[in-house]
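# Remarks on the overall topology
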Amino acid sequence: MIVVFGAGAIGCFVGGMLAASGTPVTLIGRAKAMAPLEGNFTVCALGGQPMAVPAMHVTRATEPGALAQASTVLVCVKSGDTKDAARAITACAPQNARVISLQNGVTNATTLAGALGAERVTAGMFGFNVIQSPAGSFSQVTEGEVVLGETGADLVKTFQPTEIHAATNPNIEGIQWTKLLMNLNNALNLLSGIGLKTQLQDRQWRRVLSVAMSEGIAVARADGVRLERVGKVHPKLLPSLLRLPDILFSRVANAMLRIDPAARSSMVADYHAGRPSEIAWLNGFIVDRAAEHGLHAPVNTKICQLVNSAFAAEDRVDLNLSAGQLLQ
Ligand SMILES: NC(=O)C1=CN([C@@H]2O[C@H](COP(=O)(O)OP(=O)(O)OC[C@H]3O[C@@H](n4cnc5c(N)ncnc54)[C@H](OP(=O)(O)O)[C@@H]3O)[C@@H](O)[C@H]2O)C=CC1
Ligand SMILES: CC(C)(CO)C(=O)C(=O)O
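Residues numbered from 1 in each chain as written. Chains lettered and ligands numbered in written order. Predicted model: local features only at pLDDT ≥ 70, side-chain atom pairs only at ≥ 80, totals over all residues. Heavy atoms only, no water.

Before going further, it helps to spend a moment on the site of ligand 2. Taken together, Asn104, Phe128, Asn129, Lys179, Met182, Asn183, Asn186, Leu196, Ser265 and Ser266 make up the full set of residues adjacent to ligand 2. Between asparagine 104 and ligand 2, the recorded distance is 3.0 Å, taken from a side-chain N or O atom to an oxygen atom. With four residues, the top contributor of residues to the shell around ligand 2 is helix H6 (residues 172-192). Looking at the shell around ligand 2, you find at least three residues from each of domain 1 (2-168) and domain 2 (173-327). (Near = heavy atom within 4 Å. Polar contact = N/O pair within 3.5 Å; in protein donor to acceptor, adjacent residues only side chain to side chain. Helix = DSSP H or I, 4+ residues; strand = E, 2+ residues; numbered from the N terminus. Domains from an automatic or database assignment.)

This is the structure:
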């Protein structure tokens, strides 16, 4: 049995896609997350039609005890909840259950491995944005695939009948770091207050992202990470690509701009749902690693300050910063 730990945007999309293709899944989540899943919830691939998820293939649970039936656990909680997930898996899952992290950031699989044993844990990269409607529909709104470390080959096979394109890569560390570079934009998307597509079409916002990514690439180099391509462009070329004038960018990067206008980063969803942010695992991670290497990461530092004060404010009102404020 595949058990999804964390029935949120990613967990329900992945679990729903598997169930829609006939693979039974258990979704473990908070009681409030279960209500929209009570009837037939739907999943929808990019540009596709919504598919109803057959109730007979989905077991819903709010207690970690449901991990007892797991042969594979897909960890789909935010980074701040990874240690709790590891404790629940240790307490409730069979010792031979395999554990796959589909989370952003580059440290979650290591945290899980520290608690559960490296041989049980596979690192993964979930490459596209999913938005969740209050009524229980989970839609893919950007392009991308799922990439797993080599020990995830069985799960790749399980994904084959679904609309999720999945593959393994021996350099999963390099893949996760490249995704981390892309996720430096999660905060910028929140600060801009605009959609991901509009933001990527704006050269000023791309300039900020370009600088944030260059700081991240310097850290990756200092950490000895071999960055791996995710999508069409090698990560080392991304900062220059992002700085291109709008017309050139829209021609060269048209695949990157295949984005539903509704797409917003997961940090935007966290902000509006009153959840904590993952900033410490994204831009904050780059700032910390840069300091350890004696490097500077001023743009990521500023992004962290702005995001932390936004999340600390009593009212989570729409933010509407200009890109210029970030580059001052
Ligand atoms: N959303 C997206 O488009 C993408 C997200 N990602 C990454 O995937 C990961 C998951 O993101 P996402 O799906 O957006 O997150 P969500 O916040 O939508 O879902 C996580 C769910 O897990 C629940 N949860 C946390 N701890 C427990 C627990 N101990 N028991 C039961 N339920 C628990 C949370 O509840 P509560 O909030 O109440 O704690 C929440 O409902 C993150 O690392 C994210 O960065 C990667 C690519 C795209
Ligand atoms: C938007 C996307 C797919 C890439 O930055 C993402 O990972 C997120 O929303 O967390």
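All right, on to the state of the cysteines then. With the rule as written, the count across this model stands at zero disulfides. The structure places no disulfide on cysteine 12, whose sulfur is separated from the nearest cysteine sulfur, that of cysteine 76, by 8.9 Å. (Disulfide = S-S within 2.5 Å.)

Glancing now at the domain arrangement of the chain. On domain assignment, one finds that the chain holds domain 1 (2-168) and domain 2 (173-327). Between the C-alpha centres of domain 1 and domain 2 the distance comes to 24 Å. Taken together, the contact between domain 1 and domain 2 spans 19 residues of the former and 24 residues of the latter. Each partner contributes to the roughly 1900 Å² buried at the junction of domain 1 and domain 2, and carbon and sulfur atoms together form 58% of this total. Considering only the side of domain 1, the residues that lose the most area to domain 2 are Lys78, Asn104 and Val106, jointly responsible for 31% of the buried surface there. At the surface where domain 1 touches domain 2, the tally comes to two salt bridges. For the salt bridge of lysine 78 with aspartate 270, the shortest nitrogen-to-oxygen distance reads 2.5 Å. Viewed at the interface, domain 2 and domain 1 are joined by nine residue pairs in polar contact (both at pLDDT 80 or more). (Contact = heavy atoms within 4.5 Å. Buried area = accessible area lost by both parts, 1.4 Å probe. Salt bridge = Lys/Arg side-chain N within 4 Å of Asp/Glu carboxyl O.)

If you walk across this open sheet you meet the four strands as S4-S3-S10-S9, and the pairing is mixed. Edge strands, defined here as strands with exactly one partner in the open sheet, are strand S4 (51-52) and strand S9 (130-132). Helix H1 (residues 9-20) rests against strand S3 (42-44), S4, S9 and strand S10 (137-140) of the sheet, and its axis sits at about 95° to S3. (Pairing = 2+ DSSP bridges. Axes fitted to C-alpha atoms, helices over the stretch in contact; angles between N-to-C directions.)

Another point: the pattern of salt bridges. Per the stated rule, a full pass over the model turns up eight salt bridges. Its salt-bridge partner being aspartate 246, residue arginine 206 comes within 3.0 Å of it at the nearest N-O pair. Taken together, the residues span a long stretch of sequence, with arginine 206 in helix H8 (residues 203-222) and aspartate 246 in helix H10 (residues 246-252) at a distance of 40 residues. Classification of aspartate 246 as partly exposed rests on a relative accessible area of 36%. Each member of the salt-bridge network shares a partner with another, and the members are Lys78, Asp270 and Arg275. (Buried < 20%, exposed > 50% of the residue type's maximum accessible area, 1.4 Å probe, protein only.)

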